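# Examining the three-dimensional arrangement
For reference, the chains in residue letters:
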There are 2 protein chains.
Amino acid sequence: MTTETKTASHVQQHGKDLLARRYATLGPHSPLFYKQPLELVSGSGVWLTDAQGKVYLDGYNNVPHVGHANPAVAEAIHQQLLTINLHTRYLNDRVVVYAETLLSTFGGALERLFLTNSGSEANELALRIARQHTGNTGVLVSDFSYHGNTTSLAELTTGLTVREPLGSHVRPLRIPDTHGVAEADVPALLQQALSDVDAAIASLQAAGHGVSAFLFDPLFSTEGLPQLPARYIEGVAARVREAGGLVISDEVQSGFGRTGSGMWGYQMFGMEPELVTMGKPMGNGHPIGAVVTTAVLLDEFGQHNMFFNTFAGSPVSSAAGLAVLRFMEQEDLMAKAAHLGDYIRTRLESIAQGNANVGSVRGRGLFFGIDIIESDGRRRTPAPDLTKILIEDMRERGVLISRVGPHDNVLKMRPPLVFSKAHADVLLEQLELSLRNLF
Amino acid sequence: MTTETKTASHVQQHGKDLLARRYATLGPHSPLFYKQPLELVSGSGVWLTDAQGKVYLDGYNNVPHVGHANPAVAEAIHQQLLTINLHTRYLNDRVVVYAETLLSTFGGALERLFLTNSGSEANELALRIARQHTGNTGVLVSDFSYHGNTTSLAELTTGLTVREPLGSHVRPLRIPDTHGVAEADVPALLQQALSDVDAAIASLQAAGHGVSAFLFDPLFSTEGLPQLPARYIEGVAARVREAGGLVISDEVQSGFGRTGSGMWGYQMFGMEPELVTMGKPMGNGHPIGAVVTTAVLLDEFGQHNMFFNTFAGSPVSSAAGLAVLRFMEQEDLMAKAAHLGDYIRTRLESIAQGNANVGSVRGRGLFFGIDIIESDGRRRTPAPDLTKILIEDMRERGVLISRVGPHDNVLKMRPPLVFSKAHADVLLEQLELSLRNLF
């Protein structure tokens, strides 16, 4: 037995043992990527290293927004941990400076902030605010969405398995997608989609729920990154407001410059939501989330509820959030995302044109995808199994990506925002090779 | 103008400005302690320093469990931040080692773990598990309790103001308190309290809700630290199980050795809950929470729900939790809490005997209180205004404490667990002086 095989066998045994120990503590249902789970032991920027020492380009993870093991974020957290870390019932300037910095990225009436520890907590709070303000309970969501893991959010989950039945106060909307639709047919698609909204609102009103909120991810990422007809969101927002409801933009996926077209995903549209929620990339992995809203809505909620969140807004959470915003600004990451997103899109279009198994190019900025299809010449059908094979093959090639959408056939690529053209070239080259070799 | 007054005026102006800036971002309702909010700028162990350089003994904060700015926790987090921080869809040994270490503090059937980012998220999840398992929705809570800030938890909040009405599926229980009750009357008190439980369960069943869970804080801290009749909790648990419900011990306040009589508050009683939730002290301020449960309940929930929590169980959150457990063990903090708790209790009893404004001594281990009362010779009534004055006076004396209970007249003292006899002596001496001077 050579040293090399000894090592390989040792590493393999370690992985098996670790998986068994995980099952014995966290149980077997906690989700894991890949047929053979991947043990990652270190990271830096857009690179990750596994237990065998193999290095991967991270084309998937949006939580480490300013890069894996970002030293500026680590140092900000470390220094604050060594200074003080307490809840917001005492004054501390960190949370105020962070709140000012974060709110400065918003315009219009969005000038107040509630801090939380996650996107789930943020969406929970936004829905509480909307229900209390409107006196209604009805919620509109897309028909393949996920906004968090609490009871209220489980009751409106349409995009993954939960045991709670869909709430009687929830109406799922089919989100119109112009991919593959002839330009002449888009107005009819839009009209149909808005008629569906009218019908959903009428149904909520008839059932006595009324409309409290329309809750949506501006990228519709769980939904597979559809391309919306122009003015669809504006049309939904107008109808929801007409019915007395509020608009909640869930920026967990689309926020913090991800789309390239603004700091917040809703800025892609001609409307301003009453409530904006955020999470994932906000602290580069430190647990932090928020609800940004108007002074009127914050005051109303605050007057009627003793609302407190122990960890949220602590000096350390604030320092983490602040370090992310400052790093983004120093490195001009939003502008880079826009520029690089355009480059990637162009190259993906060219890949798509040369491959019968690629249906369409999707996404915005640094959240991009292609859908993998099979075609018998007449009909094009989603190909989830091929998609899975492709993702496993990309892992072998040292590139981490995943998949999303109702048919699980849209490649999900949303790397850390410190992704560069050189990184994109590696990803695109391997993707092209993988597509060519497999199909 | 001397330099000194210039500085004092500058500091005062800074505080006013900071408060105004906080109102302009977080709004005016986010709760603050004290008539003049206290700006804390640094901490170390059990000591905190304000913006004027004044030092305070921390007799209040339980989140910095192993001490403010604990260097071992800061270093563990820092090193992990510089190494890797990702969600649990990839394998990483940190979460497994932490899960094993945390679960080793439990006995019996409590051998599986869900990680979350807060106590609110933990209680949300525990209730989801209980509702799904039992097929019932009814919940028993105390009539002055708080378990978190989500919609489901707001619907069963009885101890602070929320706009949501108490859920029709919720029955509040008056928790029996033997303080001031003659020993001969305790059996009747217990019998009455358990009859109330029977009536609440019957009412839930009659309304078609059934019983999903009894959710309680073993210290009943929000409730003002009542002294329970022996076997009350065992009696409630038996009745809830008989009705098909589960018992959820909310250890956010009582866990991690706080009571001195075990790692977990429920260990004060002769029963094991099906679900244990935790939060606050778990990561010394890092946002982390958990649900510990049986393999059967975890498997059932996992089979029917795609449950995932982005931040929870990350290597950094796990490193924070692990550093707290290791520090506790190295410093033998649980045994110290038991020993010091006994000492404090004895001294509080002697303070109470000498002061007509002190009703009774309450609490366990390092969560202790006295209730402040007024007496006209015949009747003893709670004195919330005196309590408030006392807390402000203690602040002037350099000791931070707070108050709790339905009448807001129970002093709330639960210092970091690194509290020593010397620290306790400072707190008790100042408390004695304050009581003597004020009343």
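Scroll up for the structure.
Read on for a plain summary of the structure. (Residues numbered from 1 in each chain as written. Chains lettered and ligands numbered in written order. Predicted model: local features only at pLDDT ≥ 70, side-chain atom pairs only at ≥ 80, totals over all residues. Heavy atoms only, no water.)

### Thoughts on the overall build of chain A
The secondary structure content of chain A amounts to 12 helices and 16 strands. Here the C-alpha radius of gyration of chain A, 22 Å, is about what a compact globule of 439 residues would show, namely 22 Å. The principal-axis extents of the C-alpha atoms in chain A amount to approximately 70 × 65 × 45 Å. Here chain A holds 439 residues, and the buried ones make up 64% of them. Excluding contacts between residues fewer than 6 apart, the proportion of contacts in chain A whose partners are at least 24 apart in sequence is 73%. With the model as given, the accessible surface of chain A reaches about 16,000 Å², and the carbon-plus-sulfur share is 50%. On chain A, the mean spot of the 36 positive side-chain charges and the mean spot of the 45 negative ones are 5 Å from each other. (Helix = DSSP H or I, 4+ residues; strand = E, 2+ residues; numbered from the N terminus. Rg over C-alpha atoms; globule rule 2.2 N^0.38 Å. Buried < 20%, exposed > 50% of the residue type's maximum accessible area, 1.4 Å probe, protein only. Contact = heavy atoms within 4.5 Å. Areas by Shrake-Rupley, 256 points an atom, 1.4 Å probe, with all protein chains shown as cover. Lys, Arg positive; Asp, Glu negative; His and termini not counted. Charge placed at Lys NZ, Arg CZ, Asp CG, Glu CD.)

### Let's talk about the pattern of salt bridges
Residue and element names in this part refer to chain A. Scanning the model with the defined rule gives 34 salt bridges over all chains in all. Of the charged contacts in the structure, one is a salt bridge between Asp425 and Lys421, with a shortest N-O distance of 3.2 Å. With Asp425 and Lys421 both in helix 12 (residues 421–438) and four residues apart, this pair spans about one turn of that helix. Here the residues in one salt-bridge network are Arg347, Lys421, Asp425, Glu432 and Arg436, joined through shared partners. (Salt bridge = Lys/Arg side-chain N within 4 Å of Asp/Glu carboxyl O.)

### Description of the sheet that holds strand 14 (residues 399–400) of chain B
All names here are of chain B. Read from one edge to the other, the open sheet built from four strands follows the order 1-2-3-14, with strand pairing classed as mixed. Each of the sheet's edge strands pairs with one partner strand only, and the pair in question is strand 1 (40–44) and strand 14. By the bridge criterion, two bridges tie strand 3 (residues 55–58) to strand 14 in an arrangement that is parallel. Looking across to strand 14, one finds that Asp58 is bridged to Leu400. Across the sheet, helix 12 (residues 421–438) is in contact with strand 2 (47–50), strand 3 and strand 14; its angle to strand 3 comes to roughly 100°. (Pairing = 2+ DSSP bridges. Axes fitted to C-alpha atoms, helices over the stretch in contact; angles between N-to-C directions.)

### Describing the relation of the copies chain B and chain A
When chain B is fitted to chain A, the residual RMSD is 0.0 Å, and the transformation amounts to a turn of 180° plus an axial shift of 0.0 Å. Here the two chains are linked by the operation of a two-fold rotation axis. The C-alpha atom lying nearest the rotation axis in chain B is that of His78 of chain B; the distance is 2.8 Å. Mapped onto chain A, 100% of the interface residues of chain B again fall at the interface, so both copies present the same surface. (Least-squares fit on C-alpha atoms with pLDDT ≥ 70 in both.)

### With respect to the interface of chain B and chain A
Tallying the contact residues gives 99 residues for chain B and 99 residues for chain A. For the chain B face of the interface with chain A, the top three residues by lost area are Leu91, Arg163 and Phe311 of chain B, together amounting to 10%. Our enumeration of links across chain B and chain A arrives at six salt bridges. In this structure, Arg163 of chain B and Glu300 of chain A form a salt bridge, with 3.4 Å as the shortest nitrogen-oxygen distance. Applying the counting criterion to the chain B and chain A interface returns 53 residue pairs in polar contact (both at pLDDT 80 or more). For the side of chain B that touches chain A, the secondary structure elements donating two or more residues are helix 1 (3–26), strand 1, helix 2 (71–83), helix 3 (93–103), strand 4 (112–116), helix 4 (119–134), helix 5 (151–154) and helix 8 (295–304) of chain B. No other element matches helix 1 of chain B, which puts nine residues into the side of chain B that touches chain A. The residue makeup of the side of chain B that touches chain A, split by class, is 46 nonpolar, 35 polar and 18 charged. (Buried area = accessible area lost by both parts, 1.4 Å probe. Polar contact = N/O pair within 3.5 Å; in protein donor to acceptor, adjacent residues only side chain to side chain. Nonpolar A, V, L, I, M, F, W, Y, C, P; charged D, E, K, R; others polar.)

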